[in-house]
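# Observations on chain architecture
Here's the letter readout for the chains.
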Amino acid sequence: MSVTSAPPRTPSTEPQSRALRVAFRGLTAIEKVGNRLPNPFWLFWILAGVVAVLSAVLSATGLTALHPGTHETIKVQNLLSKDGLTMAVEGAVDNYAAFPPLATILTVMFGIAVAEKSGLFSALLRRMVARVPGRYLTFVLSMTAMVSHVAGDAAYVTLIPLGALGFRAAGRSPVLGCVVAYVSIAAGYDASPSLTTTDVLLSGITTAAAHTIDTHYVVTPVANYFFGLGSSVLVALVITLVVDKVLARRSDLEPDEPVATPDAEELAEIEVTDRQRRALRTTGLVAVGFLVFLAAAMIPSSSPLRGEGGGIVNSPLIGGMALVLGVFFAVLGTVYGRMTGTFTAARDTIGAMADGTRSMAPILVLFFAIAQFLAYFKWTNIGDILAVKGAETLRDLHLNGWTVLVGIAVLITFMNLVITSGSALWALAAPVLVPMLMLIGIEPETTQAVYRVADSVTNCITPMSPYFVMALGFIQQYRKSAGIGTLASFTLPIAAVVWVVWVAFFVAWYLLGIPLGIG
């Protein structure tokens, strides 16, 4: 089931609640402002131009800062000078090639593409949702969405119609099923019980930003794993409580026309076949075997997979997590594909990798612009000076670490309403936030974790997200009068509660000193 074209996005009748009316008008304003922004590719080139002009002005004023580590004087370098233009022209290819997430995200995507093309992800999600008792359906669907983050954006296309069908089968509103699936994927996008491409992408950007202060600092893809695992369960529980205790009592959940219980043909879209079930079982055993093999290989203190001094955190296995994830998903996808017949020869696996690379083309184009912007920003030293001056200001204010982090969460939350690309937003914010907070004793992994909370929650309410429109299109299959206001009236209460609870959860985690992940 898919959406071929989104129906006109006309606002539905405004609710009686004054707070919701104000919120809807705010969303409309955000949409108008966001629609006037250029594509992120051009946005980063515009920002690069701003950096160039700003570097010339600040260089002329003689702005400096003292590096707290090396005690060297940091000066602004003029990007419009001969040296700056030479760096920009001669270094363009190297800037792109050295962009941290570029190679790692491609390596992981090779494997994920195999798993997706084989049908593994689709079958796994359907298996998790099928035949769930009605009273547990909301939580199971929401938790399935947390697992689906490993499939990336494909999760929206698969799980939203599946959620509607699952709720219909349980005698509940399909509109609510669409909402639960959409909000769980979007608002909890950076929460997952498994490692995803987001872990690889963000850790690369964070590592590059941390090198401003410590050139040896490495943030691995598993640096936030424990927090992400706990967050996935928390967010699923919060969404379940808000939906079942509040939204399920709304009087406007019924479709325009009575919807019958799904027939056998429709139920077949949820159910997995016997062959697929056997393939899932075998694939699961292979997954367990793969993980057990890695664990066993790490047990001997002399294992070549261990790091210097027999360490685990600094081991090749952790450092090469992108390759491990890529191979893991490629193996599982190949096993499943061969058992179900979606793959009949070795060339099918290669073809799946190629298709996955083609789907990455828009991101690879965007990465080129981001890589140049970051290279210019770093070369001019503007980011270093902003970090040092910002850290000095925070120290003068004598703010607690958790207070600063909550402030960062608020800032990122509002920025995410307009810049909906998580990688683009972090590429913009990390070069300043990560070194600045390092200078006041907050580790990069912590800054990255609070970013992930703030970057996730507002995904489900911003009309700038293409998936907001997609979710609305699915809902309009049941309620043709639904508009932006209709969907927002469901997502706003959930997002508000999830934001408060998730930020409080992060603060408690931070204050208790619980490790965010491995290393």
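Please refer to the structure placed before this passage.
Report on the accompanying structure. Keep in mind that this is a model prediction, so the values were computed, not measured. (Residues numbered from 1 in each chain as written. Predicted model: local features only at pLDDT ≥ 70, side-chain atom pairs only at ≥ 80, totals over all residues. Heavy atoms only, no water.)

For the rest of this paragraph, the subject is the overall build of the protein chain. A count of helical and extended segments in the protein chain gives 23 helices and two strands. Looking at the 519 residues of the protein chain, the share that counts as buried comes to 52%. Across the protein chain, the fraction of contacts at a sequence separation of at least 24, relative to all contacts at a separation of at least 6, is 80%. Split by element, the accessible area of the protein chain, about 23000 Å² in all, is 64% carbon and sulfur. (Helix = DSSP H or I, 4+ residues; strand = E, 2+ residues; numbered from the N terminus. Buried < 20%, exposed > 50% of the residue type's maximum accessible area, 1.4 Å probe, protein only. Contact = heavy atoms within 4.5 Å. Areas by Shrake-Rupley, 256 points an atom, 1.4 Å probe, with all protein chains shown as cover.)

Turning next to a nonpolar patch on the surface. A grouping of V53, V57, L80 and L85 is seen on the molecular surface, where their side chains present a nonpolar patch of about 350 Å² in accessible area. Tracing the backbone through its elements, the reader meets V57 in helix α2 (residues 40–61). (Patch = residues over 30% accessible without salt bridge, like charges linked within 9 Å, V, L, I, M, F, W, Y side chains within 5 Å. Salt bridge = Lys/Arg side-chain N within 4 Å of Asp/Glu carboxyl O.)

The next thing to look at is the packing of aromatic side chains. Tallied over the entire structure, the rule returns 18 aromatic pairs. Ring plane angle 70° and centroid distance 5.4 Å describe the contact between F505 and W509, whose orientation is recorded as edge-to-face. Within this pair, F505 and its partner W509 are both found in helix α23 (residues 484–512), separated by four residues, close to a single helical turn. Residue classification places F505 among the partly exposed residues on the basis of a relative accessible area of 23%. Take W509: its relative accessible area is 11%, and that puts it in the buried class. Linked through ring pairs, F41, W42, W45, Y96 and F368 together constitute an aromatic cluster. (Phe/Tyr/Trp six-rings, centres within 6.5 Å; stacked < 30°, edge-to-face > 60°.)

This part covers unusual backbone geometry. The backbone of N381 sits at a positive phi, close to 70°, despite the residue not being glycine. Among the structural elements, N381 can be located in the loop between α17 (361–380) and α18 (382–397). Given a relative accessible area of 17%, N381 falls into the buried group.

With that out of the way, let us pick up the environment of T198. Take T198: it is sitting in helix α10 (residues 197–210). Along the sequence, T198 and S423 sit 225 residues apart, while their C-alpha atoms lie 8.2 Å from each other. Filtering out sequence-adjacent residues up to four positions away, T198 remains in contact with Y189, D190 and R452.

On to the nonpolar core. Counting residues in hydrophobic clusters, the biggest one holds 157 residues, and the most contacted among them are Y182, I370, I494 and W502. With 14 residues, the top contributor of residues to this core is α23. With residues up to four places along the chain from it excluded, the contact list for I494 reads V179, V183, I239, V242, V243 and L247. (Core = buried A, V, L, I, M, F, W, Y, C linked by side-chain atoms within 4.5 Å.)

According to the stated counting rule, one finds four salt bridges in the structure shown. A salt bridge links D355 to R358; the shortest N-O distance between them is 2.1 Å. Linking D355 with R358, this pair stays in helix α16 (residues 346–359), spanning three residues, or about one helical turn.

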